[in-house]
Amino acid sequence: MRERLVRGRARGAGAGGAPGRRPRYGEGPLHLLLMLASFALAGYAGVRLLAGGQWPLVLVWFAGAALLHDLVLLPLYAAADRVLVRCLPEGTRHRARTGYVRVPAAVSGLLLLVWFPLIAGSTDPAWVAHYEATTGLPGGEFLARWLLLTAGLFALSALWLLCRTVQRRLRAASRRRSETKQRSADGG
Amino acid sequence: MGAHPPFTPPTSPSFWRSPLRGPWLTAVLGTVLLAGITLLFVTGLLSYAAYNPDLAGGLNDRTPGKGLLGLYLFPWPTGPHWLYRLTQGLHVTVGVALVPVVLAKLWSVIPKLFTLPPVRSAGHALERISLLLLVGGVLFECVTGVLNVQLEYLFPGSFYPLHFYGAWVFMAAFATHVVLRLPRTVRALREGRDPRAAADDTGLVAARPDRPTVSRRGALGLVGAGSLALGLTTAGQSIGGRWRRIALLAPHGAGEPGSGPNAFQINKTAAAVGIRARDTGDDWRLTVEGGGRRVRLGRADLLALPQHEAALPIACVEGWSTDDRLWSGVRLRDLAALVGHEAEPPGVLVESLQLHGAFRRAALRDNQVRDPRSLLALRVGGAELSADHGYPARIIVPAAPGVLNTKWVSRLTFGEW
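In this convention, every chain numbers its residues from 1, walking through the sequence in written order. As they are written, the chains are lettered A onward and the ligands numbered 1 onward, keeping that order. Reporting in this predicted model follows two pLDDT cut-offs: at least 70 for local features of residues, and 80 or more for side-chain atom pairs to be given and counted; totals over whole chains, interfaces and linings ignore these cut-offs and use all residues.

Trainee: Tell me about the overall build of chain A, and please be specific about residues and values.
Mentor: Under the scheme used here, helices are H or I runs from DSSP no shorter than 4 residues and strands are E runs no shorter than 2 residues, and both carry numbers assigned from the N terminus. What chain A contains, in helices and strands, is 7 helices and 0 strands. Counting helices and strands in the order they occur from the N terminus, chain A gives α-α-α-α-α-α-α. A separation threshold of at least 6 residues defines the contact pool for chain A, and within that pool the share at least 24 residues apart is 34%. Whether two residues are in contact is decided by their C-beta atoms, placed from the backbone, lying within 7 Å.

Given below as structure tokens:
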């Protein structure tokens with residue numbers, strides 16, 4: 001019942017409507033009510049959001065954020081991930097190995113994305129002077145800290161991979177030993 | 001390589017190859033965001049209330065044109081004394097930690113941006129406009145918030161109206177989206193597995209999936225690792241103590257400025273807001289006014305009044321805060337009594353010597369003046385206030401946002417705005 005209120009009658013072929021004729025709105029009455037309520041509230045706040053003298057820029061920021069994400073950021077990191085998957089050798093362990101690079105790279109990238117103003121700013125003497133004069137804290141260290149965190153993330157991942165590999169080999173070796181024992185016992 | 005077509009446009013369902021996409025992953029991420037964004041909205045509204053924007057003809061209000069969006073406002077309490085520290089610390093830390101979840105959620109539904117036909121019906125057209133407000137809104141809020149806590153004020157206009165009205169535009173679209181998608185989300189979570197592409201009603205399941213390189217749970221683990229890393233490098237600037245040391249990328253993390261009892265976080269230094277040594281020297285006088293009376297007091301006069309102590313934090317709208325510091329000075333209600341407001345003192349208008357800054361004049365409500373822990377502080381941790389912490393005298397009020405704890409106070413006007 002609820003689904004019907006929102007989505008309307010089964011799309012395309014309404015049970016009571018003329019066959020093959022699509023309703024123009026295409027959704028249920030609740031859908032229309034929700035949309036109207038939502039746009040009215042968004043309009044009420046939107047008028048205030050755009051009330052300043054810089055309203056064209058606010059619009060650019062609002063729509064630009066969505067466009068920049070959908071058409072630049074997402075394709076960029078998706079392409080980077082594809083390159084990574086292609087670069088690593090094929091094989092049974094391929095899938096697991098991808099993660100060992102993907103996770104630290106993604107986490108480091110996220111830290112850079114969110115804290116980009118601080119990290120990039122810390123290489124600019126004018127920015128550092130402004131930050132230090134405002135907060136009283138050292139401002140030139142953010143790039144170094146991000147690099148060290150990145151190094152730590154990759155090192156941790158390498159250590160983990162190493163441990164897993166050693167563990168697997170040890171297990172395989174002990175399995176081989178017990179199989180040999182079994183065979184010689186059977187043979188004896 | 002098989003018979004792949006030479007070019008597949010993103011409008012084709014076979015362009016999207018990830019085997020991870022499907023209603024289950026989107027539903028899990030959507031559920032996390034439903035909880036997280038609700039928390040951000042509530043703590044954001046609380047932060048606005050904490051400024052007491054309706055006081056003194058809107059002196060503390062950066063969005064005076066709010067109209068009905070301020071209907072919920074209420075007098076901000078003074079207890080528990082860590083209230084604003086908690087709500088605003090959560091707002092900023094959770095906001096930062098949710099960035100990977102927002103990105104993952106958008107990734108999980110990106111094929112829908114390119115579906116053909118772009119508009120199926122009038123209802124579909126309205127929904128797509130609403131989705132532009134949803135996606136533009138969430139990114140706009142992330143970007144303005146994340147830039148503001150990094151003292152990077154590049155946005156077009158003042159932060160407060162952009163983030164506040166932007167939040168309402170976003171929430172209008174968000175609430176609608178939640179209502180429309182909740183039934184499908186619940187079904188996806190109950191079923192726990194995605195339908196096959198042919199039976200998929202969401203348009204998310206890949207028609208021609210690639211071989212998986214990570215499981216769906218692994219992908220969620222990656223998002224979680226991102227949130228954890230952002231949270232760990234941020235939370236310490238709010239939690240304080242030893243945690244601050246690992247908040248390596250937070251603007252007020254890693255360490256404290258200077259040494260001694262005054263070595264704790266500074267919002268704006270004396271130099272940054274134009275305080276000169278000669279303004280705060282022996283000639284400095286505090287003017288206390290109200291009810292037609294006026295008293296002028298030097299620092300020695302203030303120290304001769306009864307001194308009281310209060311252990312209170314500074315908590316900034318930017319999400320960082322200090323541990324409780326032991327402040328000592330004169331109670332605001334004792335200062336009100338000097339100009340005749342003895343029994344039930346009114347609110348106070350506080351003015352600072354500082355030349356720049358939106359809050360160099362700020363208003364405190366009567367409940368804040370009456371709280372025995374609200375001080376005009378002269379000392380902190382047993383030492384004189386440093387210049388950067390507001391020497392010769394500063395306001396400290398329990399649970400109030402940092403900007404209302406005015407530094408370098410020059411005038412207090414009780415009961416008149």
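Having put the structure on the table, let's press on.
Trainee: Tell me what's going on with the overall build of chain B, and back it up with residues and numbers.
Mentor: Scanning chain B from terminus to terminus reveals 10 helices and 10 strands. The dimensions of chain B, computed from C-alpha atoms along their principal axes, are 90 × 45 × 35 Å. Buried residues in chain B amount to 50% of all 417 residues. If you take every contact in chain B between residues at least 6 apart in sequence, the share linking residues at least 24 apart comes to 72%. Buried residues are those with 20 or more other C-beta atoms within 10 Å of their own C-beta, exposed residues have 12 or fewer, and partly exposed residues lie in between; C-beta atoms are placed from the backbone.

Trainee: Run through the UniProt feature "transmembrane region" (unreviewed entry) in chain A, naming residues and quoting values.
Mentor: All names here are of chain A. UniProt positions are given in the numbering used here, feature names are shortened, and annotations may be inferred rather than shown by experiment. The positions UniProt marks with the feature "transmembrane region" (unreviewed entry) are residues 30-51, 57-79, 100-122 and 142-162. Helix makes up 91% of residues 100-122 and strand 0%, whereas the separation of the span's terminal C-alpha atoms amounts to 29 Å. Here residues 142-162 runs as 100% helix and 0% strand, with 30 Å between its end C-alpha atoms.

Trainee: Just give me the short version of the environment of Trp 61 of chain A, but keep the residues and values in it.
Mentor: Mapped onto the elements, Trp 61 of chain A comes out in helix α3 (residues 55-87). Taking the C-beta count within 10 Å as the criterion, Trp 61 of chain A has 22 such neighbours and is therefore assigned buried. Taking the C-alpha atoms as reference points, Trp 61 of chain A and Ala 79 of chain A, separated by 18 residues in sequence, lie 25 Å from one another. If sequence neighbours within four positions are ignored, Trp 61 of chain A has contacts with Phe 140, Phe 155 and Pro 156 of chain B.

Trainee: Just give me the short version of the nonpolar core, but keep the residues and values in it.
Mentor: Put simply, a nonpolar core is a cluster of buried Ala, Val, Leu, Ile, Met, Phe, Trp, Tyr and Cys residues tied together by C-beta atoms within 7 Å. Leu 111 of chain A together with Val 169, Phe 170, Leu 376 and Ala 377 of chain B are the most contacted members of the largest nonpolar core, which totals 124 residues. The leading source of residues in this core is helix α5 (residues 159-191) of chain B, at 12 residues.

Trainee: So, the pairing of strand β1 (residues 286-290) of chain B: which residues are in play, and what are the values?
Mentor: All names here are of chain B. The alternating pattern of β1 places Leu 286, Val 288 and Gly 290 on a buried face, while none of Thr 287 and Glu 289, on the opposite face, is buried. Note on pairing: DSSP must find at least two bridges between two strands before they are called paired. Bridge count between β1 and strand β2 (residues 293-297): 5 bridges; the pairing is antiparallel. For Gly 290, the partnering residue across the bridge sits in β2 and is Arg 293. The turn joining β1 and β2, which pair antiparallel and follow one another in sequence, is formed by 2 residues; a positive phi near 55° is taken by Gly 291. Where β1 lies against strand β10 (residues 409-414), 4 bridges are found, and the strand directions are parallel. Along β10, the bridge assignment pairs Glu 289 with Thr 413.

Trainee: Describe the sheet that holds β2 of chain B, and please don't skip the residues or the numbers.
Mentor: Residue and element names in this part refer to chain B. An order of β2-β1-β10-β5-β6 is seen for the 5 strands of this open sheet, with the pairing classed as mixed. If you trace the sheet from one side to the other, it starts and ends with β2 and β6 (361-364), each paired once. Averaged over neighbouring strand pairs, the angle between their axes works out to 15° when direction is ignored. One ladder, built from 4 bridges, connects strand β5 (residues 348-352) with β6; its direction is antiparallel. Bridge pairing in β6 links Glu 351 to Arg 361. Convention adopted: a line fitted to C-alpha atoms gives each axis, helices being fitted over their contacting stretch, and angles between N-to-C directions are expressed from 0 to 180 degrees.

Trainee: Any chance you could break down the interface of chain A and chain B for me, citing the residues and the numbers?
Mentor: Between chain A and chain B, the residue contacts involve 56 residues of the former and 68 residues of the latter. Every element with two or more residues in the side of chain A that touches chain B is listed here: α1 (2-7), α2 (29-49), α3, α4 (94-114), α5 (116-121), α6 (125-135) and α7 (142-187) of chain A. Taken together, the residues of the side of chain A that touches chain B sort by class into 34 nonpolar, 12 polar and 10 charged. Under the convention adopted here, Pro, Cys and the residues Ala, Val, Leu, Ile, Met, Phe, Trp and Tyr are nonpolar, Asp, Glu, Lys and Arg are charged, and Gly plus all remaining residues are polar.

Trainee: Talk me through the confidence of the model for chain A; I want residue IDs and the actual numbers.
Mentor: Residue and element names in this part refer to chain A. Predictor confidence is given residue by residue as pLDDT, running from a minimum of 0 to a maximum of 100. When pLDDT is averaged along chain A, the result is 87, and 84% of the positions lie at 70 or above. Across chain A, α2 holds the top mean pLDDT of 97, while α1 sits lowest at 56. Segment residues 9-19 is flagged for pLDDT under 50; beyond a separation of four residues in sequence, or across chains, it makes 8 contacts in the model.

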